[in-house]
Every structure is written in structure tokens, then in C-alpha cells.
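Chain by chain, the residues run as shown.
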Amino acid sequence: AADQQRVVQALVKRATDEYRAKRVQSAYVILRNAVHTLPEDVSALADFSWIALRAGHIGEALEASARLRVIATDPAIRANAWFNFGLACLAQGSNGYYNGRYYCIASRIYPFLQSWRNAPSAVREHKIAEVLDRTAVNTCVVSKDGVRRQYWFALSRDDLMPGREHHRIYVRHPPGKP
């Protein structure tokens with residue numbers, strides 16, 4: 001296991017060098033090998049979710065971001081995973097389906113809200129505002145455990161303060177009907 005960890009760290013470093021040299025496809029291939037070697041390595045997954053997206057491999061970016069959201073313990077890494085996940089869901093040609101799984105089932109803004117909630121920043125706030133500005137829908141609907149939650153968004157950025165909850169409606173649906 002220690003040998004695999006060293007190999008993965010070397011691959012991540014090499015991929016970073018490739019990416020900095022603007023060789024995105026090369027970085028993608030190297031990181032894909034790192035992720036296949038140690039699928040739960042947070043550093044490799046974090047870089048892979050971004051590089052796969054940049055290289056046009058949307059499905060792999062979705063899958064890596066989703067896995068990273070679950071295993072990362074650092075809120076900043078989880079925030080980046082949510083953000084990359086949201087970008088992949090919005091990517092041209094993305095239908096959110098990969099390897100037999102639908103990933104993009106919540107509203108378009110939900111991943112960015114989760115990103116911001118994990119680690120608030122001006123960049124994340126601006127992305128939320130951008131997504132809100134580009135859509136006529138002013139709600140976010142999320143289903144979990146048979147409960148459908150619908151969130152309404154105010155037009156003011158003041159409503160993006162961490163920890164505040166606004167206008168939630170919880171509707172219980174019968175099993176099988178989200």
C-alpha cells in the first residue's frame with residue numbers, strides 16, 4: 001500500500017507538471033492511471049475531477065467528483081468537488097449519465113450551493129449568481145429519502161450568507177414518487 005501511495009503521488013506530480021505545460025490530455029491519462037491505482041486517493045481524485053472536465057471527459061469528471069464528495073474530509077476539498085461536479089453537469093453535451101448512473105438529478109444550482117456551503121468564497125458566490133441570472137427558474141428541488149425539498153431563492157446576494165435558511169417547503173411524497 002505504501003508503494004502504491006508513492007507511485008500515485010509521483011503520478012499526481014507528473015500530471016500537475018503536464019497540466020502546467022498545457023498538455024491537458026497527457027495530464028488526464030496520467031491522472032486516470034493514478035485513480036485506477038488508488039481509487040480512494042483524495043489528491044488524485046481532486047486533480048482528476050478537474051483535469052477530466054478540462055479534457056472533455058465529462059462522465060469521468062462527474063464520477064470522480066461524486067466519489068470525492070463522499071470520501072473527502074476537508075471542507076475545501078469537498079467544496080471543490082461540488083463545484084467541479086456542478087461545472088460537469090453544466091458542460092456542453094452533458095446529460096449527467098455515466099456508467100449506468102444519473103449524476104445530475106438536482107437543479108443546476110444545487111452543486112454550487114453545496115460548494116459554497118462547504119467553503120464560502122466570492123468565486124462560488126459569483127457562480128451561484130451567474131447560474132441564477134441564466135435561468136428563469138428561481139427554485140432548487142432536491143429529493144432525498146422520499147422527501148422532496150424545494151428551496152426558493154431571493155434576488156439579493158445578502159441571502160447567500162452562510163447558515164441562513166430561507167423559504168423551505170418540505171413535501172412528503174408516497175414511496176416511488178419523488
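Structure: above.
Rules used throughout
Residues numbered from 1 in each chain as written. Predicted model: local features only at pLDDT ≥ 70, side-chain atom pairs only at ≥ 80, totals over all residues. Heavy atoms only, no water. Helix = DSSP H or I, 4+ residues; strand = E, 2+ residues; numbered from the N terminus. Contact = heavy atoms within 4.5 Å. Expected span 1.5 Å × (residues − 1). Buried < 20%, exposed > 50% of the residue type's maximum accessible area, 1.4 Å probe, protein only. Core = buried A, V, L, I, M, F, W, Y, C linked by side-chain atoms within 4.5 Å.

Caption draft 1: Highlighting the environment of Phe 48. For Phe 48, the position within the fold is in helix α3 (residues 42–54). Taking C-alpha positions, Phe 48 is 9.3 Å from Ala 15, a pair spaced 33 residues apart along the chain. When residues no more than four places from it in sequence are discounted, the contact partners of Phe 48 are Tyr 28, Leu 31, Arg 32, Val 35, Glu 60 and Ala 64.

Caption draft 2: View of helix α7 (residues 122–133). Relative to the 16 Å expected for 12 residues at 1.5 Å per residue, α7 spans 16 Å between its end C-alpha atoms, a close match to the ideal helical length. Listed as buried for α7 are Arg 124, Lys 127, Ile 128, Ala 129 and Val 131. For α7, the elements touching its buried residues are α5 (75–90) and α6 (110–118).

Caption draft 3: Up close: the nonpolar core. One finds Phe 48, Leu 62 and Phe 85 to be the most contacted residues of the largest nonpolar core, which totals 33 residues. At 7 residues, the largest contribution of residues to this core is made by helix α2 (residues 24–37). Not counting residues within four places of it along the chain, the set of residues in contact with Phe 85 comprises Leu 62, Ser 65, Ala 66, Arg 69, Tyr 103 and Pro 111. Counting residues in hydrophobic clusters, the runner-up holds 7 residues, among them Ile 109, Trp 116, Ile 128 and Val 131.

Caption draft 4: Highlighting helix α4 (residues 58–71). For α4, which comprises 14 residues, the first-to-last C-alpha distance of 20 Å matches the rise-based estimate of 20 Å (1.5 Å per residue) to within 8%. For α4, the buried fraction is high: 10 of the 14 residues fall into the buried class. When α4 is considered as a whole, its buried residues turn out to be Ile 58, Gly 59, Glu 60, Ala 61, Leu 62, Ala 64, Ser 65, Ala 66, Leu 68 and Arg 69. Lining the buried residues of α4 we find α2, α3, α5, β1 (97–98) and β2 (101–102).

Just geometry here; none of it tells us what the structure is for.
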